[in-house]
Amino acid sequence: MFGNKEKTQDITAEIIEKVRQTDQQQKLENERKESIESVIDVLEDKVDMPSPDIS
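Fair warning: this is a prediction, and the values are worked out from it, not measured in the lab. (Residues numbered from 1 in each chain as written. Predicted model: local features only at pLDDT ≥ 70, side-chain atom pairs only at ≥ 80, totals over all residues. Heavy atoms only, no water.)

Undergrad: Explain the overall build of the protein residue by residue, including any values.
TA: If you tally the helices and strands in the protein, you get one helix and zero strands. Expressed as a percentage of its 55 residues, the buried residues of the protein come to 0%. Accessible surface for the protein amounts to roughly 5,300 Å². Of this, 53% is attributable to carbon and sulfur atoms. (Helix = DSSP H or I, 4+ residues; strand = E, 2+ residues; numbered from the N terminus. Buried < 20%, exposed > 50% of the residue type's maximum accessible area, 1.4 Å probe, protein only. Areas by Shrake-Rupley, 256 points an atom, 1.4 Å probe, with all protein chains shown as cover.)

Here it is as C-alpha cells:
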C-alpha cells in the first residue's frame, strides 16, 4: 500500500503526534475560555455591588 513498513510507521507516528498536539492545544484553549468566563462572572457580580463592598 505505502511502499514499506518503516515509512508507514513513521507516517503513523507523525499523525499520532499531530493529534496529540491538537488535543493539547484544544484543552489549553478551553481552560483559557473558562478562566475568562470566570473573571467576567466575578466582574459582573462586582458591578452590582456598592463601592464600599467591593474588595
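We are not done yet, so read on.
Undergrad: With reference to specific residues and values, describe a negative patch on the surface.
TA: The grouping of E31, E34, E37, D41, E44, D45 and D48 at the surface amounts to a negative patch. Within the fold, D45 resides in helix 1 (residues 5-47). Residue classification places D45 among the exposed residues on the basis of a relative accessible area of 54%. (Patch = residues over 30% accessible without salt bridge, like charges linked within 9 Å, V, L, I, M, F, W, Y side chains within 5 Å. Salt bridge = Lys/Arg side-chain N within 4 Å of Asp/Glu carboxyl O. Lys, Arg positive; Asp, Glu negative; His and termini not counted. Charge placed at Lys NZ, Arg CZ, Asp CG, Glu CD.)

Undergrad: I'd like a rundown of the pattern of salt bridges, residues and numbers included.
TA: Throughout the structure, instances matching the rule amount to two salt bridges. For the salt bridge of K27 with D23, the shortest nitrogen-to-oxygen distance reads 3.5 Å. With a gap of four residues between them, K27 and D23 both fall in helix 1, about one helical turn apart. By relative accessible area, D23 is classed as partly exposed at 40%.

Undergrad: Account for a nonpolar patch on the surface, with residues named and values stated.
TA: Judged by side-chain polarity, I11, I15 and V19 come together as a nonpolar surface patch covering roughly 260 Å² of accessible area. Mapping I11 onto the fold places it in helix 1. Assessed through its relative accessible area of 33%, I11 is described here as partly exposed.

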